[in-house]
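The residues making up each chain are set out below.
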Amino acid sequence: MPATASIRHSNSRSELLPLLQLRAQHAPGLFGFDRLHKPRPRARTLREAATSVVYPGKLAQHLGRPLRLVDRWLPVAVPDDLARAFGCGTSLDAGRALLRRRLADLCAWLDTQLEQSPRVIEQGPSRLVTVLQTVGFQVDYVSRRVSVARLDTRGSAQTLDLEIELGVPLCTSYWLRWVIEDLRLSASAGQRPLFATDRQATAHDAWLMASAYRLLQNDPRFIWLRQEGLPRALGLDRELSALAVRARPARVVAQMPRSTYNLVWRHEHLFRRVARENPQLLRLLELCLRDEVLPLKGDPVAEMRDYFRTKKCSEAAWRYVHRHGDRLFSVACSMASNIGLLHVCLSYLRTLDAAGLPPPPPPTLARAWFRCYIPDDSDRLLFFTRWCAVHPSVSRALLLAADARRRSPEFSTFVSEATGVLHWAIATGHVLTKSQARAGWRWLRRNWQGWYVATQRIEALRYPAWGFPLPQTVIGRFEVMPLSNGAALVEEAYAMRNCLDLYAQRCESGEVRLFSVRCAETGRRIATLGLGVDWVESSWHVLDIRRFANRPPTVELQRLAAEVVQRCNAHCNPRNNESDD
């Protein structure tokens, strides 16, 4: 690399697709117009040459009138609370006009910057790639590190410790905050009415960034910049990028995080050696290097084996990991709330080791298994040293039955029944004898069903009934049915594969009220809704809402829960627990 700094521009025009070339000729701009306050002289000619393939026909009708385009075509909705706050209390239209004008100024600036290619500055053993006059990527070939930098108005770069995506950069709107601050469009930096609160100012910036980025994602120039222009300017090694993609953490949805690529780059010889020996262990090597638990003196696979042996994992357990690879821990790591994922892998492996190392559970059964221990609605499980309350004998019998049925068309039914067996095993703590273990799944299923019937009778006698704040109600396509006694709780727990039967005492004391959400037409159970009481405020709030086997709710179910809470607070005082109707 040359010692002196040099600037070169990549020839992006010749590399654009024909559609992008056509769009650049007829409709330059983020919305099909160049500037709001400086319309092109050839606007009528451009409008006549426009086609629906290049951009929408509705935009072509307004191309010659850019001043009216913002109010009539801009496909962005302005929230009423923001319009009211930034309209200075006069009218919603004034607030909407102000916010749309700021969004238009931001988009006009982005429209101009998208016409420029990324700048590559070679600085001795490093490279600085700048884009949109705000974002910089520093590639240091000596320390083998890629970092992100913020460019100020004078062009100087400030390196930041941010986790970014390198495979397809600019995948989030984090950098737009720097843009609105430099353009003085941020409400937190002074562009705020007198009576607007800090929360409203934060919501203003978030709306501005989200709206502009949503429009950017439909611009072909921005798509080309993310997918081809910027990755080519960074010049990252393709083989290392493939290793980083293979070694990225299971909970990471993005393609190639910066920290993972830097780690692979710094330990290139280790990752290449493991990739040659067993590529299924790349993700496990990444976790070990992050926690710095390997001496890094010889064979990395042998060092990982020795580390697992020191953590009370048997030699057979390591051979188990070597055979199945890091996919064995993918579901556990994706659902774990632990900071260190290596501890999650060790805890999960020790659980399987205690069960005799049966075949790994399929992902659907593994998720149902982990959800049995999730206490809240976060869908995240904290893996302690001993997180599993099911006895290893039950776990082994269950996983052997799952392996025999994993390719069966009725496997979803088996997972449903297995969730009920897990709840039975957690509640009873049963230990299988040798004869029961030989009987396997048939014995487990029969005893779980018998336990359910007996529990339902007992709960019906212990908790006969309690008052309810809301009668059976139909809301939209849902029917909300109150669970008003212990037997109903056990029946719901059996049908929905959850631990609802453990809430009978809290329901009797008046702290919790539970509902079964069903389809109004077919009566099929959809979710279970729980309401908690706030004795200070004398009101109800959503305690939790879960679908089958503790799956998280959809947006529609969350809105239903809010509607049920509103109706309960309108019809009943929690201290009374009876409906006023």
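Residues numbered from 1 in each chain as written. Predicted model: local features only at pLDDT ≥ 70, side-chain atom pairs only at ≥ 80, totals over all residues. Heavy atoms only, no water.

*Asks:* Help me get a handle on the sheet that holds strand β9 (residues 512–519), residues and values and all.
*Replies:* With antiparallel pairing, five strands are arranged side by side in an open sheet as β7-β8-β9-β10-β11. The open sheet is flanked by β7 (473–475) and β11 (539–546), the only strands paired with a single partner. Geometrically, the sheet is characterised by an average inter-axis angle of 30° between neighbouring strands, direction not taken into account. Here β7 pairs with strand β8 (residues 478–482) via three bridges, running antiparallel. Within β8, the position partnered with V474 by the bridge is E479. This element, helix α23 (residues 486–496), spans β9 and β10 (525–534) of the sheet and lies at about 130° to β10. Along the sheet face, helix α25 (residues 555–571) touches β7, β8, β9, β10 and β11 and points at about 155° away from the line of β11. (Pairing = 2+ DSSP bridges. Helix = DSSP H or I, 4+ residues; strand = E, 2+ residues; numbered from the N terminus. Axes fitted to C-alpha atoms, helices over the stretch in contact; angles between N-to-C directions. Contact = heavy atoms within 4.5 Å.)

*Asks:* Tell me about the packing of helix α18 (residues 363–371) against helix α20 (residues 411–428), and name the residues and values.
*Replies:* In the contact formed by α18 and α20, the axes pass within 10 Å of each other and the chain directions differ by 25°. When the axis of α18 is compared with that of α20, the two are roughly parallel. α20 is crossed by α18, and the crossing has right-handed handedness. Contacts between α18 and α20 pair T364, L365, A368 and W369 from the former with F411, F414, V415, A418, T419 and L422 from the latter. By residue class, the composition of the contact of α18 with α20 is eight nonpolar, two polar and no charged. (Parallel < 35°, antiparallel > 145°, perpendicular 65-115°, else oblique. Left-handed = near helix turned anticlockwise from the far one by under 90°. Nonpolar A, V, L, I, M, F, W, Y, C, P; charged D, E, K, R; others polar.)

*Asks:* Tell me what's going on with the nonpolar core, and back it up with residues and numbers.
*Replies:* In terms of nonpolar packing, the biggest core is built from 125 residues, with W175, L284, W369 and F370 touching the most fellow members. In this structure W175 touches L110, L132, T134, V135, L170, Y213, L216 and F222, once residues within four positions along its chain are discounted. Judged by nonpolar contacts, the second largest core, of 32 residues, contains L489, A504, L529 and V564. (Core = buried A, V, L, I, M, F, W, Y, C linked by side-chain atoms within 4.5 Å. Buried < 20%, exposed > 50% of the residue type's maximum accessible area, 1.4 Å probe, protein only.)

*Asks:* Which residues make up the side chain of S259, and what values do they have?
*Replies:* Tracing the backbone shows S259 in helix α11 (residues 258–266). Within the structure, S259 has its side chain in polar contact with the side chain of R290 (distance 2.8 Å). The contacts of S259, once residues within four sequence positions are left out, are E163 and R290. (Polar contact = N/O pair within 3.5 Å; in protein donor to acceptor, adjacent residues only side chain to side chain.)

*Asks:* Please provide a residue-by-residue account of the packing of helix α13 (residues 282–291) against helix α17 (residues 341–354), values included.
*Replies:* Their axes nearest at 9 Å, the elements α13 and α17 cross at an angle of 125°. Between α13 and α17, the crossing angle belongs to the class labelled oblique. For the pair formed by α13 and α17, the contact residues are L284, L287, C288 and D291 on the first element and L341, L342 and C345 on the second. Of the residues assigned to the contact of α13 with α17, the class counts are six nonpolar, no polar and one charged.

*Asks:* If you had to explain the pairing of strand β3 (residues 126–131) to someone new, which residues and values would you point to?
*Replies:* With six of six residues buried, β3 is to be regarded as a mostly interior element. Burial along β3 is two-sided: the face carrying S126, L128 and T130 and the face carrying R127, V129 and V131 are both buried. Pairing between strand β2 (residues 119–123) and β3: five bridges, direction antiparallel. Its bridge partner lying in β3, E122 is registered against R127. Between β2 and β3, which follow one another and run antiparallel, lie two residues, and G124 among them has a positive phi close to 65°.

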